[in-house]
Amino acid sequence: MAALRGIARDLVRNNPFAARGVSTIANNMVGTGITFQVYRDGVIDNRLNAIARRHFDTTSCDSGGRHDLYGLQLQAARTIVESGAAVMRRRWRRTSDGLALPFQLQVLEPDYIDPSKHGALATAPGVAGGFVVNGVQFNPLGAREGYWLYSGHPGSSRPSSLASKFVPAADVAHVFRADRPEMEHGATWFAPVVLRMKDFGDFEDAELTRQKIAAAFAGFLYDDGTGPSISPLVGTDEATPDGPALDFVDPGTISTLGKGQKIEFSDPPKVDGYAEYSKVSLRAIAAGLGTPYEALTGDLSNVNFSSGRMGWLEYQRSLSTWQWGMFIPQFCGAVGTWMIEALEMLGESTSGVTVRWTPPGREMINPSEEVKASRDAIRAGGKTISQWARERGEDPDTFLAEWKADAEKLDELGLIFDSDPRRVTAVGNPADAANTGSSGAAQGA
């Protein structure tokens, strides 16, 4: 795992496509942040919500004091893709520190887990004991008890002890994509494409070398045997009495060669198919990372509406899987649990309290058609307003509360807009007139 992490990090720092791969996955999986709402018995608890937002919507939640919760999410997502996992540690703080919630979050690379801690734990004779696998400690039933963490990064120049300490699992979130059952650690997402990216890099280096040779336009001067020797005279720079030796050619040079001298230029071999090979390689790399080729390379030259939509829809399925199958339960779930425990420590009642998370919305490919389709689906009962709000990355209760407040304000001011379905029909007629007409037709019938 450590060797693969090192290779992946080198790729991300030196290969533009690897760097782009990390960015596009993290930006789409987390984006501007997976937001939360605190509920009590199915209703938003505004008091607890306000306390949590004072903490997580500011840099107070970061032990380093640099990121809010959503910045930490993006940092963790990048680390998961590049290094295979992210470790988030809960750091308790004193009430005197003045934080809205008495703890902070510390996002670490997986290198902090001590792999030297490995093997069965000592127990009494006849008693089933726990075990440690590469720094992760399990109880006899196989549940995680805790982690052996270094006090500092093992590759850092900071003065810190490399002796690891046991940290209970309740204070640690180990976030990674589990591709196999019972995985203890996550592998870098670049594992399937490391060799492919190295081969593609070698190919580009060879192509660049060929171009440099062609640009050099090397010339070769030789004696055709019809005149005197062109060997330079000892102690002089003259080849023959007829003129100076032709050692190099500058741009625009016009030179008269001596009798018996002739010059020819090299013709380096040409390598065709650079563009085709590049596309094949980059498509394979994109497939291995789980991203569309266009998102990885920015090449939209061969994309039409249909192919772009199909690729984007497939990418959305992958993103939803990574969000709801990994990041939200492992990262956001830990934050929610720690939030509720911190509220209890402050003396707040947490009976019936839950935390709901909403991923960022997806930009529409064809808004004029997609909005119309969603409207028809809602009117036909195939989709709810809450469901549509979640698709756009909004909390349904907040969205409807804002709609209610706006509607009451419009009524108070006596304003009617086309956007108000209570007052105006889809074709622009007054809603009251439409209702009256329908009632009259029914009575006449």
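The coordinates are above.
Residues numbered from 1 in each chain as written. Predicted model: local features only at pLDDT ≥ 70, side-chain atom pairs only at ≥ 80, totals over all residues. Heavy atoms only, no water.

1. Quick notes on the pairing of strand E3 (residues 86–92)
Basically, it comes down to this: Buried, partly exposed and exposed residues are distinguished by accessible area as a fraction of the type maximum, computed with a 1.4 Å probe on protein chains only: under 20%, between the cut-offs, and over 50%, respectively. Strands are runs of DSSP state E lasting at least two residues, helices are runs of H or I lasting at least four, and both sets are numbered from the N terminus onward. Whether two strands pair depends on DSSP finding at least two bridges between them.
Within E3, five of the seven residues are buried, which leaves the element mostly enclosed by the surrounding structure. Bridge analysis of E3 against strand E10 (residues 172–175) gives four bridges, and the strand direction is antiparallel. Paired with Ala 86 across the two strands is Val 175, which belongs to E10. In the sheet, E3 pairs with strand E4 (residues 103–108) via six bridges, with the strands oriented antiparallel. Within E4, the position partnered with Val 87 by the bridge is Leu 108.

2. Remarks on the sheet that holds E4
Heads up, the rule is: Axis geometry follows a simple rule: fit a line to the C-alpha atoms, using only the stretch in contact for helices, then measure angles between N-to-C directions, giving values from 0 to 180 degrees. Whether two residues touch is decided by their heavy atoms; if any such pair falls within 4.5 Å, the residues are in contact.
In spatial order, the strands read E4-E3-E10; together these three strands make up an open sheet with antiparallel pairing. Across the chains shown, the open sheet's two edge strands, defined by having one partner strand only, are E4 and E10. Ignoring which end each strand starts from, the neighbouring axes of this sheet average 20° apart. Across the sheet, helix H4 (residues 69–83) lies against E3, E4 and E10, angled at about 25° from E4, the strand it touches most.

3. A look at the packing of helix H2 (residues 16–29) against H4
Note the cut-off: Working rule for angles: under 35 degrees goes down as roughly parallel, over 145 as roughly antiparallel, 65 to 115 as roughly perpendicular, anything else as oblique. Each crossing is labelled by how the near helix is turned from the far one, with a counterclockwise turn of less than a right angle marking it left-handed and a clockwise turn marking it right-handed.
Packing of H2 against H4 brings their axes to within 9 Å, and their N-to-C directions diverge by 135°. In terms of axis orientation, H2 runs oblique to H4. With respect to the hand of their crossing, H2 and H4 are arranged in right-handed fashion. Contact with H2, carried on its side by Val 22, Ser 23, Ile 25, Ala 26, Asn 27 and Met 29, involves Leu 74, Ala 77, Arg 78, Val 81 and Glu 82 of H4 and no other residues of that element.

4. With respect to the packing of aromatic side chains
Put simply, the rule reads: Two rings from Phe, Tyr or Trp (for Trp, the six-membered ring) form a pair when their centres sit within 6.5 Å of each other. Planes less than 30 degrees apart are called stacked, planes more than 60 degrees apart edge-to-face, and all others tilted. Note on criteria: charge over ring means Lys NZ or Arg CZ within 6 Å of the ring centre, with the direction from the centre no more than 35 degrees off the ring normal.
Counted under the stated rule, the structure contains 12 aromatic pairs. Consider the rings of Trp 92 and Phe 103, whose centres lie 6.2 Å apart with planes at 70°: the pair is edge-to-face. With Trp 92 in strand E3 and Phe 103 in strand E4, the pair connects residues that are 11 residues apart, well separated along the chain. Accessibility expressed as a relative area gives 35% for Trp 92, which makes it partly exposed. Taking relative accessible area as the criterion, Phe 103 reaches 0% and is therefore assigned buried. A ring pair is formed by Trp 312 and Tyr 315, whose centres lie 5.8 Å apart and whose planes are at 65°; its orientation type is edge-to-face. Taken together, the residues Trp 312 and Tyr 315, both in helix H8 (residues 305–345) and three residues apart, mark about one turn of the helix. The residues Trp 312 and Tyr 315 share a single accessibility class, namely buried. Members of the aromatic cluster, each reached through a chain of ring pairs, are Phe 36, Phe 56, Trp 92, Phe 103 and Trp 357. Over the face of the ring belonging to Trp 189 we find Arg 177, whose NZ or CZ atom lies 4.2 Å from the ring centre. Above the plane of the ring of Tyr 293 lies Arg 283, whose end atom (NZ or CZ) is 4.9 Å from the centre.

5. Notes on the pairing of strand E8 (residues 144–150)
Here strand E7 (residues 136–138) runs beside E8; their pairing, made up of three bridges, is antiparallel. Among the inter-strand pairings, Phe 138 is bridged to a residue of E8, identified as Arg 144.

6. A word on the pattern of salt bridges
Using the following cut-off: Throughout this description, the term salt bridge denotes a Lys or Arg side-chain nitrogen within 4 Å of a carboxyl oxygen of Asp or Glu.
Per the stated rule, a full pass over the model turns up 16 salt bridges. In this structure, the salt-bridge partner of Asp 57 is Arg 53, at a minimum N-O distance of 3.5 Å. The exposure class of Asp 57 is partly exposed, given its relative accessible area of 34%. Among the ionic pairs, Glu 408 bridges to Lys 404, the shortest N-O distance being 2.5 Å. You can see Glu 408 and its partner Lys 404 sitting in helix H11 (residues 396–413), four residues apart, about one turn around the helix. Among the charged side chains, a network of salt bridges with common partners joins Arg 5, Arg 9, Arg 13, Glu 82, Glu 109 and Asp 111.

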